[in-house]
Amino acid sequence: MLHERHISKDLCEQLSEYHKDIIGKTLTHEDEAADGLNPSEGRVITNGRYEFVPAVALPAGRKCWPVHGGEEFIWQIQAGEMTEQLRQALNAYIAESLATRQWVQHY
């Protein structure tokens with residue numbers, strides 16, 4: 001789905017591997033609870049983004065690492081593994097999806 005000029009093969013594989021385990025488990029309709037949690041309880045991600053970090057900020061061998069706290073979910077991406085253009089496009093997509101509740105992610 002993503003062109004090789006915008007993302008490294010290693011990063012694409014690691015992101016795909018991570019998402020393979022969660023797709024289908026956390027994607028739900030807006031009015032359904034995920035894992036027994038209801039969006040009205042305030043346990044929903046309201047802010048998400050990709051941000052670049054130096055390689056030393058990530059676990060050994062990782063090009064990306066998910067970090068969440070509060071109502072925020074951040075994908076830390078090793079600098080140089082993804083273009084700024086793709087990062088901005090993904091962040092815009094995430095922001096729009098969360099703002100319009102097309103994507104509701106519980107934690």
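Residues numbered from 1 in each chain as written. Predicted model: local features only at pLDDT ≥ 70, side-chain atom pairs only at ≥ 80, totals over all residues. Heavy atoms only, no water.

Participant: Before we go on, may I ask you to explain the sheet that holds strand S2 (residues 64-69) in this structure?
Facilitator: By way of backbone hydrogen bonds, the strands of a sheet pair with one another, either parallel or antiparallel. Spatial strand order, S1-S3-S2: three strands in an open sheet with mixed pairing. Of all the strands in the sheet, the pair left with one neighbour each is strand S1 (47-53) and S2. Strand-to-strand twist across the sheet, computed as the mean angle between neighbouring axes with direction ignored, equals 20 degrees. As defined by bridge partners, S2 adjoins strand S3 (residues 72-78) across six bridges and the pair is classed as antiparallel. (Pairing = 2+ DSSP bridges. Helix = DSSP H or I, 4+ residues; strand = E, 2+ residues; numbered from the N terminus. Axes fitted to C-alpha atoms, helices over the stretch in contact; angles between N-to-C directions.)

Participant: Can you help me understand the pattern of salt bridges in this one?
Facilitator: Should the charged atoms of two oppositely charged side chains come close, the side chains can pair. Taken as a whole, this structure holds five salt bridges when the rule is applied. Measuring nitrogen to oxygen at the nearest pair gives 3.9 Å for the salt bridge that ties Lys9 to Glu13. Of this pair, Lys9 and Glu13 both sit in helix H1 (residues 9-22), four residues apart, roughly one helical turn. Residue Lys63 pairs with Glu81 through a salt bridge whose shortest N-O separation is 3.7 Å. Of this pair, Lys63 sits in the loop between S1 and S2 while Glu81 sits in the loop between S3 and helix H2 (84-99), and the two are 18 residues apart along the sequence. The buried category is assigned to Lys63, whose relative accessible area is 19%. Here Glu81 falls in the buried class, since its relative accessible area comes to 13%. (Salt bridge = Lys/Arg side-chain N within 4 Å of Asp/Glu carboxyl O. Buried < 20%, exposed > 50% of the residue type's maximum accessible area, 1.4 Å probe, protein only.)

Participant: Even after reading the chapter, I still don't get the packing of aromatic side chains, so can you show me in this structure?
Facilitator: Within a pair of aromatic rings, the relevant descriptors are the distance that separates the centres and the angle that separates the planes. The full count for this structure, using the stated rule, is three aromatic pairs. Summarising the aromatic geometry, the rings of Tyr50 and Trp75 are spaced 6.4 Å apart at their centres and angled 20 degrees between planes, so their arrangement reads as stacked. Highlighted residues: Tyr50 in strand S1 and Trp75 in strand S3, separated in sequence by 25 residues. Here Tyr50 matches Trp75 in class, with each residue buried. These aromatic residues form a ring-pair network of at least three members: Tyr18, Tyr50, Phe73 and Trp75. (Phe/Tyr/Trp six-rings, centres within 6.5 Å; stacked < 30°, edge-to-face > 60°.)

Participant: What am I meant to see in the state of the cysteines here?
Facilitator: A covalent bond bridging the sulfur atoms of two cysteines is what the word disulfide describes. One pass over the structure, following the stated rule, counts zero disulfides. Cys12 supplies the cysteine sulfur nearest to Cys64, a cysteine that is in no disulfide, at a spacing of 10.0 Å. (Disulfide = S-S within 2.5 Å.)

Participant: So what exactly am I meant to see when it comes to the confidence of the model for the chain here?
Facilitator: Close reading of the predicted structure is inappropriate where its pLDDT is low. When pLDDT is averaged across the chain, the result is 79; 70% of the residues are at 70 or more. Looking at the elements of the chain, mean pLDDT is at its lowest for H1, recorded as 83, and at its highest for S1, recorded as 93. Counted against residues more than four places away or in other chains, residues 33-37, with its pLDDT under 50, gives eight contacts. (pLDDT = per-residue confidence, 0-100. Contact = heavy atoms within 4.5 Å.)

Participant: Is there a simple way to think about the environment of Ala92 in this case?
Facilitator: Tracing the chain through its elements places Ala92 in helix H2. Put simply, Ala92 and Arg49 are 43 residues apart on the chain and 8.5 Å apart in space, counted from C-alpha to C-alpha.

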